[in-house]
Each structure stands twice: as structure tokens, then as C-alpha cells.
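# Breakdown of the fold
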Amino acid sequence: DAMVIQNPRYQVTQFGKPVTLSCSQTLNHNVMYWYQQKSSQAPKLLFHYYDKDFNNEADTPDNFQSRRPNTSFCFLDIRSPGLGDAAMYLCATSRQTSGRSGETQYFGPGTRLLVL
Amino acid sequence: GQQVMQIPQYQHVQEGEDFTTYCNSSTTLSNIQWYKQRPGGHPVFLIQLVKSGEVKKQKRLTFQFGEAKKNSSLHITATQTTDVGTYFCAHPYGQNFVFGPGTRLSVLP
């Protein structure tokens, strides 16, 4: 049973053309995360939502925005994709914020973004 | 921000050989998690270690948390081709976890 779903699995966009990636979860978790992972690198946290509270990482570019209209869905909007934004984008969830002992993050399969 | 080092960065082993990856922090960690990411896949949670000196086993995988809670290791006994992937440690930072750079394991049949 899919728990964290990301669509599409592959996304091609043009330089500067806005793109939206989607994530949904069936776990009813409070927290949803977006990570960017470039080739041969570790996932890098962009931001997370605790319920409706948005928490942006300090070094996340303004070009990246997020929306969480309800518990189940979270979107990543890239306003003007550049070539450097080509990466795998991973969505993850957890019951509580992950810094707390005992919390596990559940990752979706990711969306691989290609910028032409 | 807080960072951990993982060594080695890459490891190539013959199937059946053992493998160990180390995660080292300059500061004490409250807990540490390990994830595995298969090629083309997404990170999958393996385990969390909380107590000083803790040792946990999952079949052929043995996880340790150092006495000082600054180091952790993952040891795989008798590797199999299914063990191929990148192993990340992750540690708390603020409200979230930060991933180490990972150790990429290749297993030659």
C-alpha cells in the first residue's frame, strides 16, 4: 500500500517555466517535508510543514515555494526553474518533527526534475 | 549547521565480504538514524539508536552507537548484491534531521 505518493515520477520543464510537484500521504502524519537531492549527494531539506505551519530552511532559495492545502497533500512550486534545479525532489512525512527521538521519516519515491 | 562525516565515501566489496560504514560527529548526538537508498530509489529508514553504547541487529546488519554518542557504525556481514546502495546516517538538527553525505556500497558478484 502506497503511503507517500509523488506525482509525476519524472517531470520535464523548460528553463524559467514554473513547475509544480505534488505529494500526498495516507498516513495522516502531521509533518510533511520537501528535500532536494542531487546526484551522488545527500538529501537536502528545503522546508517542512507541521500541520499548517510552514518552516523554511534558511538557505532555501526564494524560487522554491510550498503549499499544504490539507493534511494529505503538499506541493512544491518552483517559480523559475534554472538548470541548477535539476534534481530528485523527495517528499517525506513523519508523525511529529523528526528531531524528536523515535520519529521516523517515510519517503515517497521522488520526482526527478529535468530542466531544458 | 551541524554536520557529520561518513567514511568511507565509496566501498567496493566482493559478495560475501563484510562491510562497515562509520558516521562521526564532533558533538554529542541525542540520537542517530540510518537510512538505505537503493540506486534510483528513495531513502528507507533502517533503524534509530538513542542510548550510549547501544547495539542493534537486523539479520546481517549490526548498528552501534558509541559510548560518547558522537559516533555510529553500520556493519553488514557477508554482503549480498541486494545490499547495494547508499547508506546515510541522519542526526537531529533543530526540529529536523540532517543527512550525512552517505557511503555508497557496490557489491561485486
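Described in the following lines is the structure provided in the data block. All of these numbers come straight from a predicted model, not from anything done at the bench. (Residues numbered from 1 in each chain as written. Chains lettered and ligands numbered in written order. Predicted model: local features only at pLDDT ≥ 70, side-chain atom pairs only at ≥ 80, totals over all residues. Heavy atoms only, no water.)

## A word on the overall build of chain B
We count it as follows: Helix and strand definitions here come from DSSP, where helices need a minimum of 4 consecutive H or I residues and strands a minimum of 2 consecutive E residues; each element is numbered from the N-terminal end. As a reference, a globule follows 2.2 Å times the number of residues to the power 0.38, and the radius of gyration itself is taken over C-alpha atoms. A 1.4 Å probe rolled over the protein chains alone gives each residue an accessible area, and that area as a share of the maximum for its type sets the label: buried under 20%, exposed over 50%, partly exposed in between. The contact rule is simple, with two residues in contact once any of their heavy atoms fall within 4.5 Å. Every accessible area reported is derived by Shrake-Rupley at a probe size of 1.4 Å, with residue values counting cover from the shown protein chains alone.
A count of helices and strands for chain B gives 0 helices and 11 strands. From first element to last, N terminus to C terminus, chain B shows the α and β order β-β-β-β-β-β-β-β-β-β-β. Expected size for 109 residues packed as a compact globule is a radius of gyration near 13 Å; at 13 Å, chain B falls within 12% of this value. Dimensions along the principal axes, computed over C-alpha positions, put chain B at roughly 40 × 25 × 20 Å. Buried residues in chain B amount to 46% of all 109 residues. In chain B, 53% of the contacts between residues at least 6 apart in sequence involve partners at least 24 apart. Within the structure as shown, chain B displays about 5,300 Å² of accessible surface, and the carbon and sulfur contribution to it stands at 53%.

## As for the environment of Tyr22 of chain B
Residues and elements named next belong to chain B. Counting through the fold element by element, Tyr22 comes out in strand E3 (residues 19-25). By relative accessible area, Tyr22 is classed as partly exposed at 41%. Remark: the alpha-carbon pair of Tyr22 and Thr79, spanning 57 residues in sequence, is separated by 17 Å. The contact partners of Tyr22, leaving out residues within four places of it in the chain, are Met5, Gln6, Ile7, Ser72 and Ser73.

## Here's the deal with the pairing of strand E6 (residues 53-56) of chain A
Residue and element names in this part refer to chain A. Our working definition: Strands are treated as partners if at least two bridges between them are detected by DSSP.
Pairing geometry for strand E5 (residues 44-50) and E6, over 4 bridges, is antiparallel. In the strand pairing of E6, Tyr50 is matched with Asp53. Here E5 hands over to E6 after 2 residues, with Asp51 in that stretch at a positive phi of 55 degrees.

## Digging into the pairing of E5 of chain A
Residues in a regular strand project their side chains so that they alternate between the two faces of the sheet. Taken across its 7 residues, E5 of chain A has 5 buried, putting it largely inside the fold. Here strand E4 (residues 31-37) of chain A hands over to E5 of chain A after 6 residues, with Ser40 of chain A in that stretch at a positive phi of 65 degrees.

## Remarks on the environment of Gln65 of chain A
All names here are of chain A. For the record, the criterion: Any pair of nitrogen or oxygen atoms within 3.5 Å is treated as a polar contact; in protein, a donor-acceptor pairing is required on top of that, and neighbouring residues in sequence qualify only through side-chain atoms on both sides.
One can find Gln65 in strand E7 (residues 64-67). The spacing of Gln65 and Leu46 is 19 residues in sequence and 9.2 Å in space, taken between C-alpha atoms. At a separation of 2.8 Å, a polar atom in the side chain of Gln65 contacts the main-chain carbonyl oxygen of Asp62.

## A short note on the sheet that holds strand E1 (residues 4-7) of chain B
Residues and elements named next belong to chain B. Quick note on the threshold: Angles run from 0 to 180 degrees between N-to-C directions of axes, and those axes are lines fitted to C-alpha atoms, restricted for helices to the stretch in contact.
Spatial ordering of the open sheet is given by E1-E3-E8-E7-E6, a layout of 5 strands whose pairing is antiparallel. Edge positions in the sheet fall to E1 and strand E6 (55-58), since each of these pairs with one other strand and no more. Ignoring strand direction, the axes of neighbouring strands in this sheet form an average angle of 15 degrees.

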